[in-house]
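A look at the structure
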Amino acid sequence: MRRNILIALVALFTMSFVSTTTVSEEDRVMGVWMESTGKAKVKISKIGSKYFGKIVWLKEPTDPETKLPKTDKNNPNAELQGVKLKGLRIFKDFVYTGDGVWEKGTIYDSRKGKTYDCKITMIDDNTLEIRGFIGISLIGRTDTWTRQ
Amino acid sequence: MKINFVKGLLLAATLGVGLSSCSVATKTVEAEVATQTLLFEDIYEGGNEKSITLNVAEMLGDVDITKIEGATIQSILVSKKDSLGLSEINEAKVQLLGESEDLTMVTVGVSGEIKEGSQEIELSILDEVEIAKYLKEENVTLVLDLTYIKDQEVPQNYEVGIKFDLEMNEQK
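Here goes a summary of the coordinates provided. In this numbering scheme, every chain counts its residues from 1 along its sequence in written order. The order in which chains are written sets their letters, starting at A; the order in which ligands are written sets their numbers, starting at 1. Confidence filtering applies because this is a predicted model: local features only for residues at pLDDT of at least 70, side-chain atom pairs given and counted only at 80 or more, and all residues used for totals across whole chains, interfaces and linings.

Focus: the sheet that holds strand 3 (residues 68-79) of chain B
Residues and elements named next belong to chain B. Under the convention used in this document: Strand pairing follows a simple DSSP-based rule, namely that at least 2 bridges must link the two strands. The numbering of helices and of strands both runs from the N terminus, where a helix is a DSSP run of H or I of at least 4 residues and a strand a run of E of at least 2. Between the N-to-C directions of two axes lies an angle of 0 to 180 degrees, each axis being a line fitted to C-alpha atoms and, for a helix, fitted only over the stretch in contact.
Spatially, four strands are ordered 1-9-3-6 in an open sheet, and the strand pairing comes out antiparallel. Of all the strands in the sheet, just strand 1 (26-40) and strand 6 (120-122) have a single pairing partner and so form its edges. With strand direction ignored, the average angle separating the axes of adjacent strands in the sheet is 25°.

Now the structure itself:
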């Protein structure tokens, strides 16, 4: 009897531990990811019901011309050109649409100062396929990011 | 010929009176949101964020939300009232996020240089950011981004004060 109670308690403890550590399907995208060139790391987090990603690390954080931290100098909005690249939110407004895909969001390319529609597909727990496109998903560019 | 001219004048006058009686009278009112406190924890060097979701009706108090025709941000003040003040950060930004999928995150204010020793900073408001549609939702999320100079072990409290300019429909 006492042994059964002990087993039940252990099972209960194990179940509660598993339930608190399991990440939901849609939240699996959260974390720090590195782009394929190795020049930047982006942290994806959730605000409200949507997913966003901001630059948290740059291989070359300093502007060689100004010797100051790099800023978003190519932004088409002059008021935002002084914003620092480190900390810049480049993934915006993604929603989970199922089957390891996050859509309806945008990706901002600070090198060109352009924003593209974007689709994120999780290939496996450590690999993301990031597809930026204009209008339709068929015409665009895909990059592979790895979890850090 | 003269009769046609008079008819034309009468028609124009009638249209003018008709259009003016249909146009919506608006007035601009200022709405100040109660200061929001945001607690930053697990702070690392670089960009950190904290968000708070506010009920729009409660946030705007006496304002009749159904009569909002247009809205812009008048001012945003970010402050930290302790001895360190804002010395640990070098950039602050404020974004708004709506509830529906159609309402994307919009940047409304960014800081310039943060002066050493200052305890508060008024953000530069981005021109032409129309936010009325965000205020017509039940809830709106305020996102404060702070760029830290280095990691911080102690949680930090920041206060955000926002004033809106609301263009209100006066038609009853």
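That covers the picture; the talk isn't over yet.
Things to note about the nonpolar core
What counts, and what does not: Each nonpolar core consists of buried Ala, Val, Leu, Ile, Met, Phe, Trp, Tyr and Cys residues. Their C-beta atoms, within 7 Å, join them into a set. Any residue with 12 or fewer other C-beta atoms within 10 Å of its own C-beta is exposed, any with 20 or more is buried, and the rest are partly exposed; the C-beta atoms used are placed from the backbone. Two residues qualify as being in contact provided that their C-beta atoms, derived from the backbone, are within 7 Å of each other.
Counting residues in hydrophobic clusters, the biggest one holds 52 residues, and the most contacted among them are Val42(A), Phe91(A), Val94(B) and Val160(B). Among the elements that line this core, the one with the most residues is strand 9 (residues 156-169) of chain B, at six residues. Once residues lying within four places of it in the same chain are set aside, the contact partners of Val42(A) are Trp33(A), Gly53(A), Lys54(A), Ile55(A), Val56(A), Ile90(A) and Phe91(A).

Digging into the pairing of strand 3 (residues 50-58) of chain A
All names here are of chain A. Across the nine residues that make up strand 3, a large majority, seven, are buried. Bridge count for strand 2 (residues 40-47) against strand 3 is eight bridges, and the pairing is antiparallel. Counted as the bridge partner of isoleucine 47 is lysine 50 from strand 3. Where strand 2 folds back on strand 3, the antiparallel hairpin that results is connected by two residues, among which glycine 48 adopts a positive phi of roughly 65°.

So, the sheet that holds strand 8 (residues 139-148) of chain B
Residues and elements named next belong to chain B. Reading across the sheet, the five strands line up as 2-8-4-5-7 and stay open at both edges, with antiparallel pairing between neighbours. Two strands lie at the open edges of the sheet, namely strand 2 (46-55) and strand 7 (124-125), each paired on one side alone. Pairing between strand 4 (residues 89-98) and strand 5 (residues 106-110): four bridges, direction antiparallel. In the strand pairing of strand 5, leucine 96 is matched with valine 106.

Some remarks on the environment of Glu25(A)
In this structure, Glu25(A) sits in the loop between helix 1 (2-21) and strand 1 (31-34). Taking the C-alpha atoms as reference, Glu25(A) lies 24 Å from Ser36(A); in sequence the two are 11 residues apart.

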